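Spelled out, the chains give:
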Amino acid sequence: MGASDDILKFIEDTALFQPLDDADRRALLAEMRPMNFDSGQLIFSRGDIGREMYLVTKGRVRLSVLTAEGRELSFAHAETGTVFGEIAMLDDGPRSADATAVTKTQVMSLGRPAFMRLAQSRPHLLEAAVQFLCKRIRDADQQLEAIALCPIEVRLARFFLAAARQKDPDAVEGSITIDLGMSQGELALLIGASRPKVNTALSMLEAGGAISRTGNKLTCDLEELGNVAGQE
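What counts as what
- Residues numbered from 1 in each chain as written.
- Predicted model: local features only at pLDDT ≥ 70, side-chain atom pairs only at ≥ 80, totals over all residues.
- Heavy atoms only, no water.
- Axes fitted to C-alpha atoms, helices over the stretch in contact; angles between N-to-C directions.
- Helix = DSSP H or I, 4+ residues; strand = E, 2+ residues; numbered from the N terminus.
- Parallel < 35°, antiparallel > 145°, perpendicular 65-115°, else oblique.
- Contact = heavy atoms within 4.5 Å.
- Nonpolar A, V, L, I, M, F, W, Y, C, P; charged D, E, K, R; others polar.
- Buried < 20%, exposed > 50% of the residue type's maximum accessible area, 1.4 Å probe, protein only.
- Expected span 1.5 Å × (residues − 1).
- Salt bridge = Lys/Arg side-chain N within 4 Å of Asp/Glu carboxyl O.
- Phe/Tyr/Trp six-rings, centres within 6.5 Å; stacked < 30°, edge-to-face > 60°.
- Lys NZ or Arg CZ within 6 Å of the ring centre and 35° of its normal.

Visitor: Describe in detail the packing of helix 7 (residues 184–191) against helix 8 (residues 195–207), supporting the description with residues and values.
Guide: Between two packed helices, what matters for the description is the angle formed by their axes and the separation of those axes. Their axes nearest at 9 Å, the elements helix 7 and helix 8 cross at an angle of 95°. Considering the angle they form, helix 7 stands roughly perpendicular to helix 8. Contacts between helix 7 and helix 8 pair Gln184, Gly185, Leu187, Ala188 and Ile191 from the former with Arg195, Val198, Asn199 and Leu202 from the latter. Of the residues belonging to the contact of helix 7 with helix 8, the class tally is five nonpolar, three polar and one charged.

Visitor: If you had to explain the environment of arginine 46 to someone new, which residues and values would you point to?
Guide: You can see arginine 46 is positioned in the loop between strand 2 (42–44) and strand 3 (52–58). According to the relative accessible area criterion, arginine 46 is exposed, its value standing at 52%. Here the alpha-carbon distance between arginine 46 and serine 64, two residues 18 residues apart in the chain, equals 8.7 Å.

Visitor: So what about helix 6 (residues 152–167)? Which residues, and what values?
Guide: Owing to its 3.6 residues per turn, the α-helix aligns residues three or four sequence positions apart on the same side. For helix 6, built from 16 residues, the straight-helix expectation of 22 Å at 1.5 Å per residue is met to within 8% by its first-to-last C-alpha distance of 23 Å. Residues of helix 6 that are buried: Ile152, Val154, Arg155, Leu156, Ala157, Phe160, Leu161 and Ala164.

Visitor: Describe the pattern of salt bridges, and please don't skip the residues or the numbers.
Guide: Per the stated rule, a full pass over the model turns up eleven salt bridges. Across the pair aspartate 13 and lysine 9 runs a salt bridge whose closest N-O atoms are separated by 2.6 Å. In this pair, aspartate 13 and lysine 9 are both assigned in helix 1 (residues 3–13), four residues apart and thus about one turn of the helix distant. For aspartate 13, a relative accessible area of 43% translates into the label partly exposed.

Visitor: Describe in detail the packing of aromatic side chains, supporting the description with residues and values.
Guide: Within the structure shown, the criterion is met by four aromatic pairs. Each ring, one from phenylalanine 44 and one from tyrosine 54, has its centre 6.3 Å from the other, and the planes form 25°; the classification is stacked. Taken together, the positions of phenylalanine 44 in strand 2 and tyrosine 54 in strand 3 put the pair ten residues apart, joining distant regions of the chain. Looking at phenylalanine 44, the relative accessible area reads 8%, which means it is buried. When its relative accessible area of 6% is taken as the criterion, tyrosine 54 is described as buried. Each ring, one from phenylalanine 159 and one from phenylalanine 160, has its centre 6.0 Å from the other, and the planes form 70°; the classification is edge-to-face. Taking the relative accessible area as the measure of exposure, phenylalanine 159 reaches 24% and is therefore partly exposed. Overall, the relative accessible area of 0% leaves phenylalanine 160 in the buried class. Put simply, the rings of Phe44, Tyr54 and Phe84 touch in pairs and so form one group of aromatic residues. The ring of phenylalanine 44 carries the charged tip of arginine 95 above its face, separated from the ring centre by 4.0 Å.

This is the structure in structure tokens:
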């Protein structure tokens, strides 16, 4: 499988582009351009004019905002196979967050003019974009609710469950090993807590048998995590 085939597979698996057929995906790929970023490199800042969206083909990107007090709040990571920067590209407005490469990162960029040309002859692409953005809003609402109302161990349990089910959507019991691919500091930013409190919560989950840790790899007991997360 060549590089183009790999990227086509990413496009096929990305929720925003799933309604496209093979010909549409190839037309989309023809409009995309590769870009590379070093670890720690700022890709764009909140308030920048944004006319491109990005598909991550390798690496990880932190999406975050700075509070008035200068505290960084990270609300998502764009991992391999996911897109970011779509809001400003779609509404032609300013960027709503900072995007920073957490690791060396490769992306394929898609400009607004190219997207709109494709959408004119493929209205199902716009419908997919609406559904994609609605899901993003629902996910953000749930994240804000968790940060406001749930203890840190519950937030962690839900985060690990989501990561495990992304790896195996059909799994409901047993254990799944995941590679977080991030430091405890990054994890703390994502769930809105300090690193020491995250470390304490991780130890609680481990003591309760919900997870076991080997470096950045976690073996998740789905049933125990579900109990902590308050999910059936």
